[in-house]
There are 2 protein chains.
Amino acid sequence: MRRSDLERRVTAAAAGSAVTLEMVAREAGVSPSTVSRILNGTAKVRDAKVRAVNAAISKLQFMPDPVARSLAGGKSMSIGVMIQTLDSPFFGGVVAALEKGLMRANYSGLFVSGHWRENDERRCIGHLLSRRVEGIILVTSCLPDAEILHLSRSVPVVLTGRSLVGENVYSVDVDSTQGARLATDYLIGQGHRRVAFIAGPVDHPDAIQRLAGYKASLATHKLPFAKKLVAVGDYTDFGGQAAMNQLLDGGEQFTAVFAANDQTAYGAMLALYRRGVKVPNDVSVVGYDDLLTSAFTIPPLTTVHRSIEGIGECAAQAMLDLIDRRAPVAKVSPATLAVRESARPLRS
Amino acid sequence: MRRSDLERRVTAAAAGSAVTLEMVAREAGVSPSTVSRILNGTAKVRDAKVRAVNAAISKLQFMPDPVARSLAGGKSMSIGVMIQTLDSPFFGGVVAALEKGLMRANYSGLFVSGHWRENDERRCIGHLLSRRVEGIILVTSCLPDAEILHLSRSVPVVLTGRSLVGENVYSVDVDSTQGARLATDYLIGQGHRRVAFIAGPVDHPDAIQRLAGYKASLATHKLPFAKKLVAVGDYTDFGGQAAMNQLLDGGEQFTAVFAANDQTAYGAMLALYRRGVKVPNDVSVVGYDDLLTSAFTIPPLTTVHRSIEGIGECAAQAMLDLIDRRAPVAKVSPATLAVRESARPLRS
DNA sequence: GAATCTTTTGAAAGCGCTTGCAGAACCTAA
DNA sequence: TTAGGTTCTGCAAGCGCTTTCAAAAGATTC
């Protein structure tokens, strides 16, 4: 948009009496219905009128009022996005991509944060519903399946970080099992035999998958699963630090750690640093997510890369598909390993 | 909200025919106007009726439709937030706080990202205007003053990261000069005489303030300002790394660096690490912002702490004040120094 | 108890747009 | 040219709420 365009629009808004569809109709010498139909492509309109209306529209700088539109048509052109917290690099990235994808289709996103609390989530969803969103995207919801299914009876639902099948539901498949496996495989491939794992919150589907991937890799390589090599974190730096300390105090030896996400890895590395344990010389560390900052930790973090942006884009696309009653097919590309410097072969 | 409440609401939404104010009126045996008045407190209503209406409301689980409300009342109960990018920890934090603050007053935020590009910003603002937001919060806008002033003639504007005075404008004062000064003072207080500075983008008001603070501190301590000790970054990890390399290659000696923001500091520390320069033994580093992760870098980063959340809260509060035609007074608390381990006294 | 002043309430007219319905306009075939 | 079809287009009735205006109900005074 050029500067002058914005100026004009601002001026229009300032006047309070924005141009209405009716004024356009009058200007073009047609009825409001006709203008509406042209705007929405709801019916064929004689070419001459279309031209006249378009002329009037640009002359008057008309912009349909979305509020009136929603009320009359029942469509709000906005879709709700429930996220856990906006101030995490991961969710931030997803939201950024979501915003872009929705905006492209002229939808606005209404973002709300559930803070990992079921009741907050419910309130947020209530809020979204009351705003008449046309669909809801749940990014890592903690709500029970049944409730989500029920929700999907009134609006299309897209979810990430878990899978659920249903009529009006689409799960953006971000299966973390494979990525976790990749990370563990890598560590084992480097010769490590005692690989610890710092898990995410025990009840998150996503965290469960990562644990599963870790176990699966161990099994594939015929390595025993040792309960004492697993500590539970909470996906935060702080939790990672605590978990690592617990691991260190546990007395069980290990030469490598796979942290359930990057922030956890950061915390773990700090705990290691505090005890004088060198990464990667004494212990190798691998994370999960590949946050922007992970390429700048010291040492730069080897981590499972997944396109955070991709998740957002897919979710947005899937939602648009659902709204238009197409079957969504968007898939995120599988996770890969970003090999950097926090892990190295076990020295023999 | 309890689970069953949500269920009911979902069901209502699904049915399409949500409970309307008119149904409440009938149920309570009064006119719709009365119900509206009670809801909005627009007029005194006999106590008995108030009770009857409230009873009807809770019996029917009535929730006023915000869309209809906007259309009729001209208020959209939503305010626009223009941010540069959602996937930065700093902006993420601001947005999180903003969301909370607005939600509390029952406003929804419409978030859009300008990506540091004037034209994107204009387009975003146009979008917000077309959604009939009641106010716009600009988080670190790059638009020229005149344009913002013009915008403020049509909707109240709150801005952060720069100051501008005007009728309908409020700048959340986050003067960075003081913080930058604090950081530099600290470094000098630790005995450092050759303190380098990695600046932010040259044209950002905020970055300019940080540079000014750095210079002011130097001047206060009668230290010369050396152009060769300043490198320009772009507020990203990557830019910080490049700037540090440039500094290192510049040939000018320094024992401390003040980076214009934390991400820049991360990059700088990595560059130092790559060259085998130890932090803080060989070079002290101080950042600015105190991102969540900064307590977990290695070594933990000494940095200027400012309440990121505070900024968001203030901005939200100021906007609500502006809308209600009160003079905003919200102020963010001044920056303080979070002393951690990336800086140490100059060894003599 | 009548007259006057307040306070409370309801009827009705929108807010700006969509849409079902039916009349108008146009086209084809006879 | 006219009947019979199609294809446009306008009218008018909403969407669910707010708000003005005037009437109804109470309160107050003499």
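The written sequence of each chain sets the order in which its residues are numbered from 1. Key to labels: chains lettered from A, ligands numbered from 1, both in the order written. This being a predicted model, a pLDDT of at least 70 is required before a residue's local features are given, and a value of 80 or more before pairs of side-chain atoms are given or counted; all residues contribute to the totals for chains, interfaces and linings. Only hydrogens and water are removed before side-chain values are computed, so all heavy atoms of the structure are retained for them.

Colleague: Explain the packing of helix α2 (residues 21-28) of chain B against helix α4 (residues 47-60) of chain B here, please?
Modeller: Packed helices, taken two at a time, are described by the angle between their axes plus the distance between the axes. All names here are of chain B. Here an axis means a line fitted to C-alpha atoms, over the contact stretch when the element is a helix, while the angle between two N-to-C directions is reported on a 0 to 180 degree scale. Per the convention used, a helix needs a DSSP run of H or I reaching at least four residues, while a strand needs a run of E reaching at least two, with both numbered from the N terminus. Here α2 crosses α4 at 125°, and the two axes come no closer than 8 Å. Looking at the two axes, α2 sits oblique to α4. In the crossing of α2 with α4, the sense of the turn from one axis to the other is right-handed. Contacts between α2 and α4 involve M23, V24, E27 and A28 from the former and A52, V53, A56, I57, K59 and L60 from the latter. Residue polarity is assigned by list, with Asp, Glu, Lys and Arg as charged and Ala, Val, Leu, Ile, Met, Phe, Trp, Tyr, Cys and Pro as nonpolar; anything else, Gly included, falls into the polar class. Tallied by class, residues from the contact of α2 with α4 come to 8 nonpolar, no polar and 2 charged. Oblique is the label for any angle not covered by the other classes, which are roughly parallel (under 35 degrees), roughly antiparallel (over 145) and roughly perpendicular (65 to 115). In this scheme the crossing of two helices becomes right-handed for a clockwise turn of the near helix relative to the far one and left-handed for an anticlockwise turn of less than a right angle. Contacts are residue-level and defined by heavy atoms, with any inter-residue pair within 4.5 Å sufficient.

Colleague: I'm lost on the protein's contact with DNA strand C in this one. Help?
Modeller: We call a residue near a molecule or strand whenever a single non-hydrogen atom of that residue lies within 4 Å of it. In the vicinity of DNA strand C lie 25 residues, with L21(A), S36(A), T34(B), R37(B) and R46(B) positioned nearest. A share of 69% is what sugar and phosphate atoms reach among the atoms of DNA strand C within 4 Å of the protein. Contact distances for DNA strand C include 3.1 Å between a base oxygen and a backbone N or O atom of A72(B). Counting residues per element, the ones that place at least two in the surface near DNA strand C are α3 (32-40) and α5 (66-73) of chain A together with α3 (32-40) and α5 (66-73) of chain B. Its residues assigned to classes, the surface near DNA strand C shows 9 nonpolar, 8 polar and 8 charged. Between N or O atoms, a polar contact is any pair within 3.5 Å; within protein, one atom must be a potential hydrogen donor and the other a potential acceptor, and residues adjacent in sequence are included only when both atoms are from side chains.

Colleague: Help me understand the sheet that holds strand β7 (residues 230-232) of chain A, please; the structure alone is not making it clear to me.
Modeller: By definition, the strands of a sheet pair up through backbone hydrogen bonds, in either a parallel or an antiparallel sense. All names here are of chain A. What the 6 strands build is an open sheet, ordered β7-β6-β8-β9-β10-β11; its pairing is mixed. Whereas interior strands pair on both sides, the edge strands pair on one side only; in this sheet they are β7 and β11 (336-338). The mean angle between the axes of side-by-side strands here comes to 20°, regardless of whether they run parallel or antiparallel. Sheet topology note: the strand β8 (residues 256-259)/strand β9 (residues 284-289) ladder contains 3 bridges and is parallel. Its bridge partner lying in β9, V257 is registered against V285. Across the sheet, helix α10 (residues 205-220) lies against β6 (195-199), β7, β8 and β9, angled at about 170° from β6, the strand it touches most. The criterion for strand pairing is that DSSP finds at least two bridges linking the strands in question.

Colleague: Sorry, what's going on with the protein's contact with DNA strand D here?
Modeller: The immediate surroundings of DNA strand D are formed by 24 residues, with T34(A), R37(A), R46(A), L21(B) and S36(B) found nearest. Of what DNA strand D places within 4 Å of the protein, 66% of the atoms are sugar or phosphate. The side chain of S36(B) places a nitrogen or oxygen atom 2.6 Å from a phosphate oxygen of DNA strand D. The separation between a phosphate oxygen of DNA strand D and a polar side-chain atom of N40(B) is 3.0 Å. Mapped onto the surface near DNA strand D, the elements with two or more residues apiece are α3 and α5 of chain A together with α3 and α5 of chain B.

Colleague: Could you clarify how one ought to interpret the relation of the copies chain B and chain A in this entry?
Modeller: The operation relating the pair of chain copies consists of a rotation about an axis and a translation along that axis. Fitting of the copies onto one another was done by least squares over C-alpha atoms, counting residues only where both copies have pLDDT of at least 70. Its rotation angle being 179°, the transformation that places chain B on chain A also includes 0.2 Å of axial translation and leaves an RMSD of 0.5 Å. On this basis, the relationship between the two copies can be described by a two-fold rotation axis. When you check the interface residues of chain B against chain A, 100% turn up at the interface there too, and the contact is symmetric in its surfaces.

Colleague: What is the right way to look at the environment of D65(B) in this model?
Modeller: Structurally, the position occupied by D65(B) is in the loop between α4 and α5. Burial classes: relative accessible area under 20% of the type maximum marks a residue as buried, over 50% as exposed, and values in between as partly exposed (1.4 Å probe, protein chains only). Classification of D65(B) by relative accessible area gives buried; the value is 16%. As for D65(B) and S284(B), which are separated by 219 residues in sequence, their C-alpha atoms are 57 Å apart. Leave out the neighbours within four places in its chain, and D65(B) touches S130(A) and R132(A). Among the polar contacts made by the side chain of D65(B), one reaches the side chain of R132(A) at a distance of 2.3 Å.

Colleague: What is the right way to read the domain arrangement of chain A from this model?
Modeller: By a widespread convention, an interface's size corresponds to the accessible area lost as its parts come together. All names here are of chain A. Annotation of chain A at the domain level lists domain 1 (3-73), domain 2 (78-174 + 308-334) and domain 3 (176-305). Using only C-alpha atoms to locate each centre, domain 2 and domain 3 end up separated by 29 Å. Listed by partner, the interface residues are 8 residues for domain 2 and 9 residues for domain 3. Both sides of the domain 2 and domain 3 interface together cover about 770 Å² of buried area, and 62% of this is carbon and sulfur. As used here, buried area is the combined drop in accessible area, with a 1.4 Å probe, of two parts when they are placed together. Sorting the residues of domain 2 by area buried against domain 3 places P89, W116 and V174 first, and these three jointly supply 37% of that buried surface. For every domain, the bounds stem from an assignment made automatically or drawn from a database.

Colleague: Which parts of the structure should I look at to understand unusual backbone geometry?
Modeller: With glycine set apart, most residues show a phi of negative sign, and most peptide bonds adopt trans. Of note, the bond from I298(A) into P299(A) is cis; its omega dihedral lies within 30 degrees of zero at -10°. Among the secondary structure elements, P299(A) is positioned in the loop between β9 and β10 (302-305). With omega at 5°, the peptide bond leading from V279(B) into P280(B) counts as cis. Structurally, P280(B) is set in the loop between α12 (262-274) and β9 (284-289). Even without being a glycine, W116(B) presents a positive backbone phi close to 60°. Of note, W116(B) is situated in the loop between β2 (108-113) and α7 (118-130). In this model, D289(B) sits at a positive phi of 130°, which is unusual for a non-glycine residue. Tracing the chain through its elements places D289(B) in strand β9. Residue class for D289(B) comes out buried when judged on its relative accessible area of 4%.

Colleague: Please explain the packing of aromatic side chains as it appears in this structure.
Modeller: Where two aromatic rings form a pair, the distance of their centres and the angle of their planes describe that pair. What counts as a ring pair is set by centres within 6.5 Å for rings of Phe, Tyr and Trp (its six-membered ring), and what kind of pair is set by the plane angle: stacked under 30 degrees, edge-to-face over 60, tilted for all other angles. Enumeration according to the criterion identifies 15 aromatic pairs over all chains in this entry. Each ring, one from F238(A) and one from F296(B), has its centre 6.4 Å from the other, and the planes form 85°; the classification is edge-to-face. On the criterion of chain membership, the pair formed by F238(A) in helix α11 (residues 237-249) and F296(B) in the loop between β9 and β10 (302-305) is interchain, its members lying in two chains. Accessibility expressed as a relative area gives 59% for F238(A), which makes it exposed. A residue is classified by how much of its surface remains accessible, and F296(B), at 11% relative accessible area, is buried. Over the face of the ring belonging to Y288(A) we find R210(A), whose NZ or CZ atom lies 3.9 Å from the ring centre. Two conditions define a charge located above a ring, namely a distance within 6 Å from the ring centre to NZ of Lys or CZ of Arg, and an angle within 35 degrees of the ring normal. Above the ring of F225(A), the side-chain terminus of K215(A) is found at 4.8 Å from the ring centroid.

Colleague: Looking at this structure, I do not really get the sheet that holds strand β6 (residues 195-199) of chain B. What am I missing?
Modeller: Residues and elements named next belong to chain B. The mixed open sheet is built from 6 strands, whose spatial order is β7-β6-β8-β9-β10-β11. Each having just a single partner strand, β7 (230-232) and β11 (336-338) make up the two edges of the open sheet. Across the sheet, the axes of successive neighbouring strands diverge by a mean angle of 20°, strand direction being ignored. Where β6 and β7 come together, 3 bridges link them in parallel fashion. Residue pairing in the sheet places I198 in a bridge with A231 of β7.

Colleague: Would you mind showing me how to read the pattern of salt bridges here?
Modeller: Between side chains of opposite charge, a pair can form as their charged atoms come close. The term salt bridge refers to a pairing of a side-chain nitrogen on Lys or Arg with a carboxyl oxygen on Asp or Glu at a separation within 4 Å. Across all of its chains, the model carries 36 salt bridges over all chains by this definition. Of the charged contacts, one joins D289(A) and R306(A) as a salt bridge, the two residues approaching to 3.1 Å between their closest N and O atoms. Here the residue D289(A) occupies a position in strand β9, and R306(A) occupies one in the loop between β10 and α13 (308-323), the gap between them amounting to 17 residues. In this structure, R274(B) engages E341(A) in a salt bridge whose closest nitrogen and oxygen atoms are separated by 2.7 Å. You can see R274(B) sitting in helix α12 and its partner E341(A) sitting in the segment after β11, one on each of two chains. Take E341(A): its relative accessible area is 31%, and that puts it in the partly exposed class.

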